[in-house]
Amino acid sequence: MAHTNESVVSEFVLLGLSKSWDLQLFFFAIFFMVYVTSLLGNIMIIIIISSDSHFNSPMYFLLSNLSFIDICQSNFATPKMLVDFFVEYKTISFEGCMAQIFLLHSFVGSEMMLLVAMAYDRFIAICKPLHYSTIMNQRLCIIFVFISWAVGILHSVSHLAFTVDLPFCGPNEVDSFFCDLPLVIELACMDTYEMEIVILTNSGLISLSCFLALIISYTIILITVWRRSSSGLSKALSTLTAHITVVILFFGPCIYFYIWPFSRLSVDKFFSVFYTVCTPMLNPIIYSLRNEDIKSAMRKLRNHHVNWKNQGSL
């Protein structure tokens, strides 16, 4: 069959996480709480940063953009998954499937680049503090955000360009709760080995290069912090711990998928759930627990709400 858009598949069937009704109810309860926590947590971070002048710095500007990407990522597949727990025959249109693939890789690629920008911000702040305000100006921060989105979208388009014209002529069952690119490609009525190599190379380059850049940056930062004995050491370590924890938990499943992208192990669904549903929740939880400024602002916001409520009841 020629490599043209001769697809006769108008929809894909999503097999989901389990066929057990009891398990699906359990998963719904768990993932609904995770989804709401992720959504509200990231919205709260954006509100706190945008409403408090104390957070008028490059680090928090980048953090608020990271929260925005996490909000986007938590909405590309999770709402449909939650609805599908109550649907016996879970389907998604061909166009919807391609949209999920595009959105996932756009958000993931953008987040990778934004994490690198945040590492660069910490590198300048700790290793070159006297030049920080000059280097990390508003213009550079906006450029970082623009580049992160541009790289994410280009990364996604490069995948979609190969996928959208594949001949899907019969098999349409995707063994997941969303359209995972390797699973969808395997349904094509042609040999996709070369395409799998291209996807692996494309994804591997961006993920491993970003991960190595982050490892090198944070290693230099930690060595610099360790050598100094300043009063701000504990605060710097607290901030760095939050950054490094997010990086490890974000890139762990990512690297797993790119090392074994077309394997079919029982643990794959667990990593897929963690990567798409749980990862957006990491940002608000880790930063609210590890960042003293965010914790202080959240306490002020809570106290203000309590005082307002008490005054309203009088």
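Quick caveat: nothing in here was measured; it's all calculated off a predicted structure.

1. Thoughts on the packing of helix α1 (residues 21–51) against helix α2 (residues 58–75)
Relative to each other, α1 and α2 sit at 155°, their axes nearing to 9 Å. Regarding the angle of α1 to α2, the classification is roughly antiparallel. Here the hand of the crossing between α1 and α2 comes out left-handed. Of the residues in α2, those in contact with Y35, S38, L39, N42, I43, I45, I46 and I49 of α1 are Y60, L63, S64, S67, F68, D70, I71, S74 and N75. Residues belonging to the contact of α1 with α2 are distributed by class as follows: ten nonpolar, six polar and one charged.

2. Looking at the pairing of strand β1 (residues 11–14)
A regular strand carries its side chains on alternate faces of the sheet. The pairing of β1 with strand β2 (residues 91–93) spans three bridges and is classified as antiparallel. Bridge pairing in β2 places F12 opposite I92. By the bridge criterion, two bridges tie β1 to strand β3 (residues 173–174) in an arrangement that is parallel. What sits directly across from V13, in β3, is E173.

3. Describing α2
For α2, built from 18 residues, the straight-helix expectation of 26 Å at 1.5 Å per residue is met to within 8% by its first-to-last C-alpha distance of 26 Å. Burial within α2 is extensive, with 15 of its 18 residues counted as buried.

4. With respect to the packing of helix α4 (residues 94–127) against helix α6 (residues 138–163)
It is the contact of α4 with α6, at a shortest axis distance of 7 Å, that shows an interaxial angle of 145°. Two packed elements cross with a definite hand, and for α4 against α6 that hand is right-handed. For the contact of α4 with α6, the per-class residue count stands at 18 nonpolar, ten polar and no charged.

5. A few points about the side chain of T224
Among the secondary structure elements, T224 is positioned in helix α8 (residues 193–227). Among the polar contacts listed, one links the side chain of T224 to the backbone oxygen of I220, at a separation of 2.8 Å. With near-sequence residues (within four places) excluded, T224 lies in contact with I126 and C127.

6. Structural notes on a nonpolar patch on the surface
Among the surface-exposed residues, L23, F26, I30, F32 and M33 lie close enough to one another that they form a single nonpolar patch of about 470 Å² accessible area. Within the secondary structure, L23 is located in helix α1.

7. Focus: the UniProt feature "transmembrane region" (unreviewed entry) in the protein
What UniProt calls "transmembrane region" (unreviewed entry) maps, in this numbering, to residues 25–48, 98–120, 140–162, 205–225, 237–259 and 271–289. With 100% helix and 0% strand, the stretch residues 25–48 has end C-alpha atoms that lie 34 Å from each other. Its end C-alpha atoms 33 Å apart, residues 140–162 is made of 100% helix and 0% strand.

8. Side note on the packing of aromatic side chains
Applying the stated criterion to the full structure yields 18 aromatic pairs. For the ring pair W21 and F86, a centre distance of 6.1 Å and an interplane angle of 75° mean the geometry is edge-to-face. Of this pair, W21 sits in helix α1 while F86 sits in the loop between α3 (78–84) and β2, placing them 65 residues apart in sequence. For W21, a relative accessible area of 47% corresponds to the partly exposed category. Its relative accessible area of 45% is what places F86 among the partly exposed residues.

9. Regarding the sheet that holds β1
Judged by pairing direction, the sheet is mixed, and its three strands sit side by side in the order β2-β1-β3 without closing on themselves. Among the strands making up the open sheet, the edge pair consists of β2 and β3. Lying on the sheet, α4 is in contact with β1 and β2; it crosses β2 at an angle near 85°.

Conventions and cut-offs
- Residues numbered from 1 in each chain as written.
- Predicted model: local features only at pLDDT ≥ 70, side-chain atom pairs only at ≥ 80, totals over all residues.
- Heavy atoms only, no water.
- Axes fitted to C-alpha atoms, helices over the stretch in contact; angles between N-to-C directions.
- Helix = DSSP H or I, 4+ residues; strand = E, 2+ residues; numbered from the N terminus.
- Parallel < 35°, antiparallel > 145°, perpendicular 65-115°, else oblique.
- Left-handed = near helix turned anticlockwise from the far one by under 90°.
- Contact = heavy atoms within 4.5 Å.
- Nonpolar A, V, L, I, M, F, W, Y, C, P; charged D, E, K, R; others polar.
- Pairing = 2+ DSSP bridges.
- Expected span 1.5 Å × (residues − 1).
- Buried < 20%, exposed > 50% of the residue type's maximum accessible area, 1.4 Å probe, protein only.
- Polar contact = N/O pair within 3.5 Å; in protein donor to acceptor, adjacent residues only side chain to side chain.
- Patch = residues over 30% accessible without salt bridge, like charges linked within 9 Å, V, L, I, M, F, W, Y side chains within 5 Å.
- Areas by Shrake-Rupley, 256 points an atom, 1.4 Å probe, with all protein chains shown as cover.
- Salt bridge = Lys/Arg side-chain N within 4 Å of Asp/Glu carboxyl O.
- UniProt positions renumbered as here; feature names shortened; annotations may be inferred.
- Phe/Tyr/Trp six-rings, centres within 6.5 Å; stacked < 30°, edge-to-face > 60°.

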